[in-house]
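Spelled out, the chains give:
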Number of protein chains: 2
Amino acid sequence: MRNKKLWMIFAIAITSVFLLNAGAPAPDEGMWTFDNPPLKMLKEKYGFEPTKEWLDHVRLSSVRFNDGGSGSFVSANGLALTNHHVARGQLQKMSTPEKDYVKDGFYAKTQADEIKCADLELNVLESMENITDRIMKAVKKAKTDQEALELRKAESAKIEKENLKKTGLRSDIVTLYNGGEYWVYRYKKYTDVRLVFAPEAGIAFYGGDPDNFTYPRYDLDMAIFRVYENDKPVQSKNYLKWSANGADDGELVFVSGNPGSTERQSTMAQLEFMRDYQYPIVLKSLKRRIEMLKKYSLRGKEETRQAASLIFGMENSVKANQGEYEGLLDKNIFDKKQKEESEFLSIISKNPEWQKEFGGAWDAISDVKKKNIALIKPMFFRGLRGSRMAQLALMTVQYVAEVKKPDGERLEGFHDAQLETFKFNLFSPAPVYPQLEEYRLTDGLRETIEELGIDDPFVKTILGGKTPEEFAKELITGTKMADPEFRKKLVDGGQKAIDACTDPMIVAAKKVDPFVREVRKKIEDEVQSIESVAGEKIGKARFAAYGKSTYPDANFTLRLTYGTVKGYSMNGTIAPSKTTYYGLYDRYYSFDKQNPFDLPQRYVDNIGKIELSTPMNFVATLDVVGGNSGSPVINKNGELVGLVFDGNIESLVGTYVYDEVKNRTVSVHSKAMIEAISKLYDAPALVNELLGR
Amino acid sequence: MRNKKLWMIFAIAITSVFLLNAGAPAPDEGMWTFDNPPLKMLKEKYGFEPTKEWLDHVRLSSVRFNDGGSGSFVSANGLALTNHHVARGQLQKMSTPEKDYVKDGFYAKTQADEIKCADLELNVLESMENITDRIMKAVKKAKTDQEALELRKAESAKIEKENLKKTGLRSDIVTLYNGGEYWVYRYKKYTDVRLVFAPEAGIAFYGGDPDNFTYPRYDLDMAIFRVYENDKPVQSKNYLKWSANGADDGELVFVSGNPGSTERQSTMAQLEFMRDYQYPIVLKSLKRRIEMLKKYSLRGKEETRQAASLIFGMENSVKANQGEYEGLLDKNIFDKKQKEESEFLSIISKNPEWQKEFGGAWDAISDVKKKNIALIKPMFFRGLRGSRMAQLALMTVQYVAEVKKPDGERLEGFHDAQLETFKFNLFSPAPVYPQLEEYRLTDGLRETIEELGIDDPFVKTILGGKTPEEFAKELITGTKMADPEFRKKLVDGGQKAIDACTDPMIVAAKKVDPFVREVRKKIEDEVQSIESVAGEKIGKARFAAYGKSTYPDANFTLRLTYGTVKGYSMNGTIAPSKTTYYGLYDRYYSFDKQNPFDLPQRYVDNIGKIELSTPMNFVATLDVVGGNSGSPVINKNGELVGLVFDGNIESLVGTYVYDEVKNRTVSVHSKAMIEAISKLYDAPALVNELLGR
């Protein structure tokens, strides 16, 4: 066992990348687009070839949670399953000081009891169309990279608008293969989503931050919503049947979901930039903010409730970022990435035509990342960070300014086709916590001063000599931005209303806006335009050198992933492919019931009701990253066998490399969910609906 | 959590060595002799100062199991507790094809049912005396290193004999601090030891080789013997009272036992030799032999029984050796050891007197290890390996030849004071398995040919043109060595009987003997003599440079270790300080009851009888290595709170460095043993005796 040391994982991991065409059976790698699933590979390795119907059914059963996760339809009457941690933001928004749905969970016995989410938008990918040629044609006449970027943005906005008009569907331009391909993805959009069931945070996130991103694991990280249209439950034609047995050890399984982002095809210059500048800044800031929020929580129970979900999210980010960062710090991984790039460059350089067309792209990116360094801190710290109301104020100010312009010239996010979603967020009735906002805003301003210096023009202009405390207090106590009606009125009043508005938060937003635009413009002109043109070239070079045998980097669009239910070597021994409820109680007693290893009272009182040998969580060689949370795990019959909620600690380097030996996706077992709901939550109607009885 | 990657463990580990005198609180490091316990450190760090009575009581309650483990008296009537895996050899020897005590366990309801061990000797350390001056005086007149070695051996034999005569106690010369000190250790010896209780191997070694040397863990690795003298149970004045509650998280605990060997004070040349020659040869050979034995086991159930304990022992060795070897391969550890040595050399070199006296020792060892290279394979492979009867034959031949000589001139192991123990082993009635012996001997000879070549003088002389199969068959089928009476008769007949003996095994042993003596002599003359004189110098140099603030390397003599019951960071999360029976069943069901995660039927049938939240195993920052198996874990009151049986995977580098952050000793909880014996084994008398009721 001992020969599977961490440095050996990587030695193995790194052989798996870009060997897809080699003789050995391909690893279970890849986040494949639904237009290009690895059919040949699946047939050869697993003797299974999904049909078009299978693929369509899976795609149309998959639901993107725009809060940053994935999910699926699991009943004919619009039940949608996702993770508790994906639902958490909405649970927080529907909670009050009297009723904490995050902590205590929720179950709606009847449809009338279901609680509508404040601002949750779900998307189902209805269709996709390759528009690469059209985009290429549009940018052909560009004389500079900046011009090419402008033209591409204009053409993209045009295509989105056309598609929205033609189909009535949310239509997003999707860049794949570094710009080797452009697509329009058309989504059916749902904005009336109601909470049906959520367990207590204590069981959904059992083991807390320590157990996060690890395995063996004992979490019931689930939540169930019902999707409505015209005030009636959606009659979902496409939904996943619940597998009563789940998947066996060694079984082939699939995940359909929306991986957030990977950097597997990034250049060395891009990786170095992230390693040396981005991660250190992000991690330092996250850790500071967690400390600050923990201090705030010490004030009392209600303060603890307010901050809990923020702390949860930030601790999760720290752990994930730390894992990715260490992946980049790992010399073995970095050397391997270097070797891959050298080989790629060598293939390109041997073909004079390719060399001429693509060869300069790597140096172009390298130059541009150097310019990026000076921009990263202003981009990160010039803003009123930590206040939702400040964010809404800036959104309001920018909205009014942007919609006056022709569609193609607006900032990204403000195109006609995007406005409905934008306004859905802007007018969200979700509650704000003024005391917490003031606390966070104060500390955010302090951090800005520390990072940029007291003489930074942003600091001078915004604070105008006030202390962060004074300024934050003035803004938070004086503003009406908490009221959605106030925001609506401002938007309806247009530029005149904004100009005349004396609400201190709007006044501040008006001062902040030029700084945000300035750095954004600089990044577009000096970095993004060049980086994206060079990226396109590298994407094309990759097609030229390797064909379309690979998959594009993740970007929170729908992907299909396949793998095997399988344990792995860890800690000198073997991790089993699944855990059981016995293990949950082992951990509970092993840690003397101490937080975060305590249990909701329901689980203490009713231990005798649970069949403790029921599988709880399981692992599979599925190539999954953040954003996939809440994705269904699906068997060959298209049934739901599990619910993705995490990866093991070894999966965190997945941003850069996939390692079939150690990388595991952690999911809640389909049996575990039914066992808990039926034995502990007195919810027979829900169980029957899930099992289609 | 993620920042505790394996390479960081070492970064932390390596700061802990030789910082005993630094400002920070000392780590829980050290295997301290009972003459020099770290009293000051204990008082400062834990506010606890063991009294002389406490120390004497613990020492006299500790029992060395000469099969290679440790143990303790746990009742007033001679009950001695150790590990199942320490007892395993004896269990194997008392088993038959009809009754497999290893697999099925054993409980003697009455004293009449207890089973006497074939050849188990226990030692209790009665007293110790520093004889450094006497040894130094004896070797003073030596003109060469070889002469010094001879003189030291002769003086040692004399001291042993004198002490045996004077006290009636087994008296061993013990070298500490590389020869910086010599001691005589006097042991009360017990050879009538009877089995009282052993659980099934399936629960004693739950999780098998995969879980070996790992944690969290769920093993009941225990066995209980009763020690007799004059056919009556020993009335042990000194025994450890059983703690009904065990130790709490964070509690100070001690271990008194016999760590086998460490190399913390070895020179770089010695470490390099082990890394580059010793470990590769040992590991290769062990792996080959395991494969061979597994092939043998495929022949049937009885063959499986015969080979099981051998495979168990060898797999354990592979895992331990692999961990140690990888420690040496780890650049961080090796660099740190190098740095320590450089600092040590630098301190010595700054004092001209020290430099003159000790300075040459490191180079002397370096030179000698180069000569050692050519001797390692002959030493390892020139022998009839794999046959107990061949080993007994060589012992017989050598015994008769040695005892004719004056005591001081004999080979080590044949001195007068050692003969009783030697004959106890030589005349053991333990069964041999001729079929297995033939199989192993054949393969051992094949391996010898592969390693030394067909033209090696040993191969030519011994095989005389026969194939390994032919030769092994001839020896095993023709010999009477399985019969202890035959061995006795030969010994009683003296050289004449040996010379006349035509038993093929004795004939072969007479041919093997000169080869064994030749390589032994060469190693003594060319390596050991120089290495031990240089080692003495380094030991003295260490005293000069650092004083006696440290502890000597382990050598299977009694040591006191202290530490805290404490979990640790692992696998991205935290390992709890203890496990429970719940976890046992989690692992059972998680692995679908597959071997080695299956359970004895008793545990399946009676799960309802067990209080599953009972602690099962626990970890502490105790600095323990192989040989400590079976040691008692003791609280401040001198009560038994646990039973050492393993270390975690991170502890394997403990041969070279101790790391309080990650190194953990794994023990069976005192509660777990009582829970199982009382609830599952229907043994109230035993429980009452253990609890002193």
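Residues numbered from 1 in each chain as written. Chains lettered and ligands numbered in written order. Predicted model: local features only at pLDDT ≥ 70, side-chain atom pairs only at ≥ 80, totals over all residues. Heavy atoms only, no water.

(A) How the structure looks around the confidence of the model for chain A. Residues and elements named next belong to chain A. Averaged over every residue, the pLDDT of chain A is 93; residues scoring 70 or more account for 96%. A low-confidence stretch, residues 1–23 (pLDDT under 50), is modelled with 57 contacts involving residues beyond four sequence positions or located in other chains. At the level of chain-chain contacts, confidence expressed as ipTM amounts to 0.92, with global pTM at 0.92. (pLDDT = per-residue confidence, 0-100. Contact = heavy atoms within 4.5 Å.)

(B) Here's a closer look at the interface of chain A and chain B. Opposite the 44 residues of chain A that make contact, chain B presents 44 residues. A combined buried area of about 3,700 Å² lies between chain A and chain B, and 58% of that area is made up of carbon and sulfur atoms. Applying the counting criterion to the chain A and chain B interface returns 2 salt bridges. Salt-bridge contacts for Asp592(A) lead to Lys578(B); the nearest nitrogen and oxygen are separated by 2.5 Å. Where chain A touches chain B, the interface holds 20 residue pairs in polar contact (both at pLDDT 80 or more). Of all the secondary-structure elements, those providing two or more residues to the side of chain A that touches chain B are helix H1 (6–13), helix H9 (208–211), helix H11 (301–329), strand S15 (573–575), strand S16 (578–580) and helix H22 (581–590) of chain A. For the side of chain A that touches chain B, the leading source of residues is H22(A), giving 7 residues. Within the side of chain A that touches chain B, the residues separate by chemical class into 21 nonpolar, 12 polar and 11 charged. (Buried area = accessible area lost by both parts, 1.4 Å probe. Salt bridge = Lys/Arg side-chain N within 4 Å of Asp/Glu carboxyl O. Polar contact = N/O pair within 3.5 Å; in protein donor to acceptor, adjacent residues only side chain to side chain. Helix = DSSP H or I, 4+ residues; strand = E, 2+ residues; numbered from the N terminus. Nonpolar A, V, L, I, M, F, W, Y, C, P; charged D, E, K, R; others polar.)

(C) Here's a closer look at the side chain of Glu341(B). Residues and elements named next belong to chain B. Mapped onto the fold, Glu341 is located in helix H12 (residues 331–349). Buried within the structure, Glu341 lacks any salt-bridge partner; Arg542 is the closest side chain of opposite charge, at an N-O distance of 7.5 Å. In terms of polar contacts, Glu341 uses its side chain to reach the backbone amide nitrogen of Met268, at 2.7 Å. Leaving out residues up to four positions away in the same chain, Glu341 has contacts with Ser266, Thr267, Met268 and Trp362. (Buried < 20%, exposed > 50% of the residue type's maximum accessible area, 1.4 Å probe, protein only. Lys, Arg positive; Asp, Glu negative; His and termini not counted.)

(D) Expanded view of the sheet that holds strand S17 (residues 615–620) of chain A. Residue and element names in this part refer to chain A. Pairing in this open sheet of 7 strands is antiparallel, and the strands run S13-S12-S18-S19-S20-S17-S16 from one edge to the other. The open sheet terminates on both sides in strands that have one partner only, identified here as strand S13 (559–564) and S16. If you compare each strand with its neighbour and ignore which way they point, the axes differ by 30° on average. Of the pairings in the sheet, the one linking strand S12 (residues 252–257) to strand S18 (residues 632–634) comprises 2 bridges and is antiparallel in character. For Phe254, the partnering residue across the bridge sits in S18 and is Ile634. (Pairing = 2+ DSSP bridges. Axes fitted to C-alpha atoms, helices over the stretch in contact; angles between N-to-C directions.)

(E) Quick peek at the packing of helix H15 (residues 388–403) of chain B against helix H21 (residues 504–546) of chain B. Residue and element names in this part refer to chain B. Where H15 meets H21, the closest approach of the two axes is 8 Å, and the angle between their N-to-C directions is 65°. By the criterion of interaxial angle, the relationship of H15 to H21 is roughly perpendicular. Along this stretch, H15 crosses H21, giving a crossing that reads as right-handed. Between H15 and H21, the residues in contact are Met389, Ala390, Ala393, Leu394, Thr396, Val397, Gln398, Ala401 and Glu402 and Met505, Ile506, Ala509, Lys510, Val512, Asp513, Val516 and Arg517, respectively. Broken down by class, the residue content of the contact of H15 with H21 amounts to 11 nonpolar, 2 polar and 4 charged. (Parallel < 35°, antiparallel > 145°, perpendicular 65-115°, else oblique. Left-handed = near helix turned anticlockwise from the far one by under 90°.)

(F) Inspection of the pairing of strand S6 (residues 122–130) of chain B at higher detail. Residue and element names in this part refer to chain B. Direction of pairing for strand S1 (residues 62–65) relative to S6: antiparallel, over a ladder of 2 bridges. When the sheet's bridge partners are listed, Arg64 is paired in S6 with Asn123. Two elements, S6 and strand S8 (residues 181–190), share 8 bridges in a ladder whose sense is antiparallel. If you follow Asn123 over to S8, its bridge partner there is Lys189.

(G) Structural context of the pairing of strand S7 (residues 170–176) of chain B. All names here are of chain B. Of all 7 residues in S7, 6 are buried, a share of seventy percent or more. Taken together, the 7 bridges between S7 and S8 define a ladder with antiparallel strand orientation. Looking at S8, one finds that Ser171 is bridged to Arg186. Counting the residues that bridge the hairpin from S7 to S8 gives 4 residues, and of these Tyr177 lies at a positive phi of roughly 50°.

(H) Geometry of the nonpolar core. Tyr603(A) and Tyr603(B) are the most contacted members of the largest nonpolar core, which has 140 residues in total. In this view, Tyr603(A) contacts Glu200(A), Ile203(A), Leu220(A), Leu584(A), Tyr585(A), Ile610(A), Ala676(A), Leu680(A) and Tyr681(A); residues no more than four positions away in its chain are not counted. (Core = buried A, V, L, I, M, F, W, Y, C linked by side-chain atoms within 4.5 Å.)

(I) Quick peek at the relation of the copies chain A and chain B. Superposing chain A onto chain B requires a rotation of 180° together with a translation of 0.0 Å along the rotation axis, leaving an RMSD of 0.0 Å. Seen this way, the second copy is the image of the first under a two-fold rotation axis. (Least-squares fit on C-alpha atoms with pLDDT ≥ 70 in both.)

(J) The pattern of salt bridges, seen in detail. Residue and element names in this part refer to chain A. For the structure on display, the rule yields 113 salt bridges over all chains. A salt bridge links Arg226 to Glu689, with the nearest nitrogen and oxygen atoms 2.8 Å apart. Remark: Glu689 occurs in helix H25 (residues 684–690) and Arg226 occurs in strand S10 (residues 223–229); sequence separation between them is 463 residues. The class of Arg226 is buried, set by a relative accessible area of 5%. Each of Arg64, Glu121, Arg170 and Asp172 takes part in a single network of salt bridges with overlapping partners.

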